[in-house]
Amino acid sequence: MGQRIDGKVISQAVKDELKERVKSEGIDASLAVIQVGTDPASTVYVGNKKKACEYIGIRSLAFELPEETSEEELLELVRELNEREDVDGILVQLPLPAHMDEDKVIRTIDPKKDVDGFHPQSVGALSIGQPGFVSCTPAGIIQLLKRSGVEIEGKECVIVGRSNIVGKPMALLMLRENATVTICHSRTKHLKEVTKRADILIVAIGKPKFITKEYVKEGAVVIDVGIHRNENGKLCGDVDFEDVEPITSAITPVPGGVGPMTIAMLMNNCVEAKGYK
């Protein structure tokens, strides 16, 4: 039976460390959060981000724009926040309404304030090992592994999913930690054979309970990035937890695994943003 990696406990430890750092170093950081429309999931995420800021001692500025806001109005607000001395980090909550170009909006954010780590300049810096903001979910996964005593160096790591937000930056971070990395995706042949090689299996494909024990090597560490609601309205991940847990050495549950780490690492990026001025 695998060790359950508790993201709530680890994220709380990260937030406590940041809170102490903000207090002891007198860091006066602020995060601007922009939400367009009233998507219920986005509203919950934005609320959680505000609470985390309050806990750590970061000021949060909320900009709640109506669904019908034009793309140009949103870009104008981002440009204005880029110029403001009292704003250290800018976060535009995704997804945006269909009439807006997410890529264009992300590119408009000043890379020095890109606390989500989505700007092409941030991604480029990561790919060549330069300093810059790292996408929060992959950064959180590295912390989950390290703080749970999982050795990464020299291990075979398989990532299922190649998104710009999780899969690709995750691969770069695991390479930085000296793992041997394979990325799988919807066109990968013989997926089970590839995933069964993994000492560390990271799954981010957006398919509920897709990964069963047939995909997992005995004693592997399994990190589940997915989050869904099943037919009973209960949260589940991309991994069939009950099926896979007995053969792992460590595994993240859903909820309470990767999710809490994303916000903790966002807070870390906000504190770091002060140094990029």
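Scroll up to find the structure.
Notes on the structure follow. (Residues numbered from 1 in each chain as written. Predicted model: local features only at pLDDT ≥ 70, side-chain atom pairs only at ≥ 80, totals over all residues. Heavy atoms only, no water.)

A word on the packing of aromatic side chains
Geometrically, a pair of aromatic rings is defined through the distance of the ring centres and the angle of the planes.
Part 1 of the argument: For the structure shown, the criterion picks out one aromatic pair.
Part 2 of the argument: Judged by centre distance (5.6 Å) and plane angle (45°), the rings of Phe-210 and Tyr-215 are tilted.
Part 3 of the argument: A relative accessible area of 27% means that Phe-210 is categorised as partly exposed.
Part 4 of the argument: Relative accessible area serves as the criterion here: at 11%, Tyr-215 is assigned to the buried category. (Phe/Tyr/Trp six-rings, centres within 6.5 Å; stacked < 30°, edge-to-face > 60°. Buried < 20%, exposed > 50% of the residue type's maximum accessible area, 1.4 Å probe, protein only.)

As for the packing of helix α6 (residues 136-147) against helix α10 (residues 259-273)
Part 1 of the argument: Packing of α6 against α10 leaves a shortest axis separation of 8 Å and a crossing angle of 105°. The angle between α6 and α10 places the two elements in the roughly perpendicular class. From α6, Cys-136, Thr-137, Ala-139, Gly-140, Gln-143 and Leu-144 reach across to α10, where they touch Met-261, Thr-262, Met-265, Leu-266 and Asn-269. (Axes fitted to C-alpha atoms, helices over the stretch in contact; angles between N-to-C directions. Helix = DSSP H or I, 4+ residues; strand = E, 2+ residues; numbered from the N terminus. Parallel < 35°, antiparallel > 145°, perpendicular 65-115°, else oblique. Contact = heavy atoms within 4.5 Å.)

Section: the side chain of Ser-42
Part 1 of the argument: Checked against the element boundaries, Ser-42 lands in helix α2 (residues 40-56).
Part 2 of the argument: Residues in contact with Ser-42, not counting those within four places in the same chain, are Gln-35, Gln-93, Leu-94 and Pro-95.

What about the sheet that holds strand β8 (residues 221-224)?
Part 1 of the argument: Here six strands make up an open sheet; going across it, the order is β1-β11-β8-β7-β5-β6 and the pairing parallel. Either end of the sheet is taken by a strand with one partner, and the two such strands are β1 (3-4) and β6 (180-184).
Part 2 of the argument: Where β1 meets strand β11 (residues 250-251), two bridges bridge the pair, whose relative direction is parallel. Residue pairing across strands places Arg-4 opposite Ile-251, the latter belonging to β11. (Pairing = 2+ DSSP bridges.)

Points about the packing of helix α1 (residues 7-25) against α6
Part 1 of the argument: Running from N to C, α1 and α6 point in directions that differ by 105°, and their axes come no closer than 10 Å. Viewed along their axes, α1 and α6 adopt a mutual orientation that is roughly perpendicular. Counting all contacts with α1, which are made through Gly-7, Ile-10, Ala-13, Val-14 and Glu-17, the residues of α6 involved are Gln-143, Leu-144 and Arg-147.
Part 2 of the argument: For the contact of α1 with α6, the residue count by class is four nonpolar, two polar and two charged. (Nonpolar A, V, L, I, M, F, W, Y, C, P; charged D, E, K, R; others polar.)

Considering unusual backbone geometry
Part 1 of the argument: Pro-95 follows Leu-94 through a cis peptide bond whose omega is 0°.
Part 2 of the argument: Along the polypeptide, Pro-95 turns up in the loop between β4 (89-92) and α4 (102-108).
Part 3 of the argument: Cis rather than trans, the peptide bond between Val-254 and Pro-255 has omega equal to 0°.
Part 4 of the argument: Counting through the fold element by element, Pro-255 comes out in the loop between β11 and α10.
Part 5 of the argument: Not every positive phi belongs to a glycine, and His-190 is a case in point at roughly 55°.
Part 6 of the argument: Within the element layout of this structure, His-190 appears in the loop between β6 and α8 (191-195).

Observations concerning the state of the cysteines
Two cysteines joined by a covalent bond between their sulfur atoms form a disulfide.
Part 1 of the argument: For the coordinates displayed, the defined rule picks out zero disulfides.
Part 2 of the argument: Residue Cys-270 stays outside any disulfide, its sulfur separated by 5.5 Å from that of Cys-53, the closest cysteine. (Disulfide = S-S within 2.5 Å.)

Details of the pairing of strand β2 (residues 30-36)
Part 1 of the argument: Counting buried residues in β2 gives seven out of seven residues, a clear majority hidden from the surface.
Part 2 of the argument: Across the two faces of β2 the burial is the same, with Ser-30, Ala-32, Ile-34 and Val-36 and Leu-31, Val-33 and Gln-35 all buried.
Part 3 of the argument: Strand direction decides the pairing type here: β2 and strand β3 (residues 59-65), joined by seven bridges, are parallel. Directly across from Gln-35, in β3, lies its bridge partner Glu-64.
Part 4 of the argument: Once you follow β2 into α2 and on to β3, the crossover reads as right-handed.
Part 5 of the argument: Judged from the four bridges that link them, β2 and β4 form a sheet pairing that is parallel. Pairing of Ile-34 across the sheet is with Val-92, part of β4. (Right-handed = clockwise from strand over helix to strand, strands pointing away.)

A word on α10
Part 1 of the argument: With 15 residues, α10 should cover 21 Å at 1.5 Å per step; its first-to-last C-alpha distance of 22 Å lies within 8% of that length.
Part 2 of the argument: Among all positions of α10, only Met-261, Ile-263, Ala-264, Met-265, Leu-266, Met-267, Asn-269, Cys-270, Val-271 and Ala-273 are buried.
Part 3 of the argument: As for α10, its buried residues are in contact with α1, β2, α2, β4 and α6. (Expected span 1.5 Å × (residues − 1).)

Notes on the sheet that holds β3
Part 1 of the argument: Here three strands make up an open sheet; going across it, the order is β3-β2-β4 and the pairing parallel. Unpaired on one side and paired on the other, β3 and β4 mark the two borders of the sheet. Neighbouring strand axes in the sheet, compared pairwise and without regard to direction, differ in orientation by 15° on average.
Part 2 of the argument: Packing against the sheet, α2 makes contact with β2, β3 and β4, and its axis sits at approximately 170° to β2.

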